[in-house]
Number of protein chains: 2
Amino acid sequence: MPKVGMEPIRRAALVKATITEIGRTGSLDVTVSKIAKRAGMSSALAHHYFGSKEQIFLAAMRHILTLYGAEVRGALAAADGHEERLRAVVRASFGTGSFRREVAGAWLNFYVLAQTQADARRLLSVYQRRLKSNLLHDLKPLIGERADVVALGVGAMIDGLYIREVLKGGTPDGAAAANLVWGHLRREMGVAA
Amino acid sequence: MPKVGMEPIRRAALVKATITEIGRTGSLDVTVSKIAKRAGMSSALAHHYFGSKEQIFLAAMRHILTLYGAEVRGALAAADGHEERLRAVVRASFGTGSFRREVAGAWLNFYVLAQTQADARRLLSVYQRRLKSNLLHDLKPLIGERADVVALGVGAMIDGLYIREVLKGGTPDGAAAANLVWGHLRREMGVAA
DNA sequence: GTTTATGTTGATTGATGAGTCAATAAACTT
DNA sequence: AAGTTTATTGACTCATCAATCAACATAAAC
C-alpha cells in the first residue's frame, strides 16, 4: 500500500535499524538486507533511499551525534555557573540517550569506520571538538592554562568508559560513570582553586 | 626451497603481518591473502598453519598482549616503592612496544572483535584484569578503599588515549600520554595522603 | 483518464574472499 | 632407495552481498 511521503519515515526506520543491528552484532559486518529487514522493507528500497551502505552508516552516525548534541544542549540550558555547567556536560555524556549498549556498541564501531572513511572521521572530530570546547569554556575560568590538559584527560576517560561499557555485559550505569568522571574533575579543580 | 622447521617462522611472520595489515587498513576487513602476501607466502599456507582467519587474529592479539605484559614486567622490575611502581605501570602502558599507530589500531579492532568472539573477549579481560590488579596492588596501600574507583578511572583513561591516538594522525607521543595519566594519579593520591 | 512522480520488490549480476584439495618438492628416516 | 613427513602453491568451490534493473502499484497532476 504505497502512500506518498514515505521517505522520511523509511529513512528514520533504516537509521534506527542500523544502530540496533550494529550494536547487536557488535560489528560493521551487517548486511543491508538485515538492516532493511529489521526496518521492515526490502534491501532494494534501502538502496533506493540511501544509495549505498556507506551513506546508511553515515546517516546513523549523524543521528547518534544529533542525539548526543541535543542531550548536552538540554542539560546546559538548565545549568548555571561554571561548575554546574561542567557537571551537566559530564552527565549528558552518560545520559540514557547515548549511554546504552547498542548505541555505545555502534559508537565503538564508528570509531573503526573513521579510520577508513573521511566523512566518518570528520563527524567524529566534530564530536571531539564540541566536547572539548564545552569543557574548556567552563574550565578555563576555573583552572586557567591547565584546562587544556584536563579537558583532554576527561575526554579520554569518557571514551574509555564507553568502550568498557560495551565489553562488560549487563545494564549500563550512567550515573556511576558520570560520578567517576565528575569526581576526577572536581579534584582537578579543587587543587587549582 | 622447502626447508624443515619453517612453522614458527611462518607463524611469527603471519602474526606480524596481521598486525601491520589491520593497523594500516584500520579494520578487521583484511583478507587472508593480503596478510599472507605481506608475510611472503600464499594464502593456502596461512590456512595450513592457522586453520582459519579467526585463529590468525587471536594469535595476533595474544602477541600484542605478550608484548605489553613483557613491557610492564620489565618496568616493574626496575621500580621500587608504591609510587614508583605505579609510575612504571603507567609508563609501560605507553611504551614504544604498544603505543604505536599500527598496534593501537589493531588494538582498537580487537575491542570490536571481542564483541563477537568469546576467545577474544577472554583475552581482553585478561589484559583488563592484569592492569587493574597491578594498579590496585600499589594504590590500596596509598589511598585505601578509594583505590578501586581510581583504578577504574585510570584504566578508562588509558584506553581512551589509545583510541584518540589511533584517530589523530602524526607520531604518537607516549611520554605526553603517560604524563597526563600520571598527573591524574598523583593528584588522586595527593588528596588522600 | 492519461501522464507523471513516488513507492516497492524479486530476481539478477558481478565481485570478492574463506577454506579445500590435489599435486609437487625438498628434507629426514630406516 | 623407498617411504614418510613437512613445506608449498595454483586452481577450484561455494557462499555471501552490494548494487542494479525491470516490473508493477498507487497516488497526484493536468
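Thresholds applied
Residues numbered from 1 in each chain as written. Chains lettered and ligands numbered in written order. Predicted model: local features only at pLDDT ≥ 70, side-chain atom pairs only at ≥ 80, totals over all residues. Heavy atoms only, no water. Helix = DSSP H or I, 4+ residues; strand = E, 2+ residues; numbered from the N terminus. Buried < 20%, exposed > 50% of the residue type's maximum accessible area, 1.4 Å probe, protein only. Contact = heavy atoms within 4.5 Å. Areas by Shrake-Rupley, 256 points an atom, 1.4 Å probe, with all protein chains shown as cover. Lys, Arg positive; Asp, Glu negative; His and termini not counted. Charge placed at Lys NZ, Arg CZ, Asp CG, Glu CD. Near = heavy atom within 4 Å. Polar contact = N/O pair within 3.5 Å; in protein donor to acceptor, adjacent residues only side chain to side chain. Nonpolar A, V, L, I, M, F, W, Y, C, P; charged D, E, K, R; others polar. Axes fitted to C-alpha atoms, helices over the stretch in contact; angles between N-to-C directions. Parallel < 35°, antiparallel > 145°, perpendicular 65-115°, else oblique. Left-handed = near helix turned anticlockwise from the far one by under 90°. Salt bridge = Lys/Arg side-chain N within 4 Å of Asp/Glu carboxyl O.

Chemist: Describe the overall build of chain A, naming the residues involved and giving the relevant values.
Modeler: Counting its secondary structure elements, chain A contains 9 helices and 0 strands. When the helices and strands of chain A are placed in sequence order, the string is α-α-α-α-α-α-α-α-α. Seen along its three principal axes, the alpha-carbon backbone of chain A occupies a region of about 65 × 35 × 30 Å. Taken over 193 residues, chain A has a buried fraction of 51%. Relative to all contacts within chain A whose residues are 6 or more apart in sequence, the contacts with residues 24 or more apart total 69%. Total accessible area computed for chain A in this model is approximately 9,000 Å², and 55% of it derives from carbon and sulfur atoms. Treating the 27 positive side-chain charges of chain A as one cloud and the 17 negative ones as another, the clouds have centres 6 Å apart.

Chemist: Mind laying out the protein's contact with DNA strand C, listing which residues take part and the relevant values?
Modeler: The local shell around DNA strand C holds 19 residues, among which A:R10, A:S42, B:T31, B:V32 and B:K53 are the closest. In the environment of DNA strand C, a phosphate oxygen lies 3.1 Å from a nitrogen or oxygen atom belonging to the backbone of A:M6. Here B:V32 contributes a backbone N or O atom positioned 3.1 Å from a phosphate oxygen of DNA strand C. Of all the secondary structure elements, the ones that give two or more residues to the surface near DNA strand C are α1 (7-25) and α3 (43-50) of chain A together with α3 (43-50) of chain B. The element best represented in the surface near DNA strand C is α3(A), accounting for 4 residues. Taken together, the residues that form the surface near DNA strand C break down as 9 nonpolar, 6 polar and 4 charged.

Chemist: Tell me about the protein's contact with DNA strand D, and please be specific about residues and values.
Modeler: The immediate surroundings of DNA strand D are formed by 21 residues, with A:T31, A:V32, A:K53, B:M6 and B:R10 found nearest. Here DNA strand D approaches the protein such that, of its atoms within 4 Å, sugar and phosphate make up 77%. Note that a phosphate oxygen of DNA strand D is positioned 3.1 Å from one of the backbone N or O atoms of B:S42. Elements supplying a minimum of two residues to the surface near DNA strand D: α3 of chain A together with α1 (7-25) and α3 of chain B. Here the surface near DNA strand D takes 4 residues from α3(B), the largest share from any one element.

Chemist: Just give me the short version of the packing of helix α7 (residues 118-143) of chain B against helix α8 (residues 147-167) of chain B, but keep the residues and values in it.
Modeler: All names here are of chain B. One way to put it is that α7 packs onto α8 with a least axis distance of 9 Å and a crossing angle of 135°. Relative to α8, the element α7 is oriented oblique. Where α7 crosses over α8, the two elements pack in a sense that is right-handed. Residue-level contacts link Y127, Q128, L131, K132, L135, L136, L139, K140 and I143 of α7 to A147, D148, V150, A151, V154, G155, I158 and D159 of α8.

Chemist: Any chance you could break down the pattern of salt bridges for me, citing the residues and the numbers?
Modeler: Taken as a whole and assessed by the stated rule, the structure comprises 18 salt bridges over all chains. For the salt bridge of A:D119 with A:R122, the shortest nitrogen-to-oxygen distance reads 2.7 Å. Of the two residues, A:D119 and A:R122 are both situated in helix α7 (residues 118-143); the distance of 3 residues between them amounts to about one turn of the helix. A salt bridge links B:R11 to B:E7; the nearest nitrogen and oxygen atoms lie 2.6 Å apart. Remark: B:E7 and B:R11 occur in helix α1; sequence separation between them is 4 residues, near one turn of the helix. When salt bridges with common partners are traced through the structure, they connect A:R146, A:E188 and B:R187 into a single cluster.

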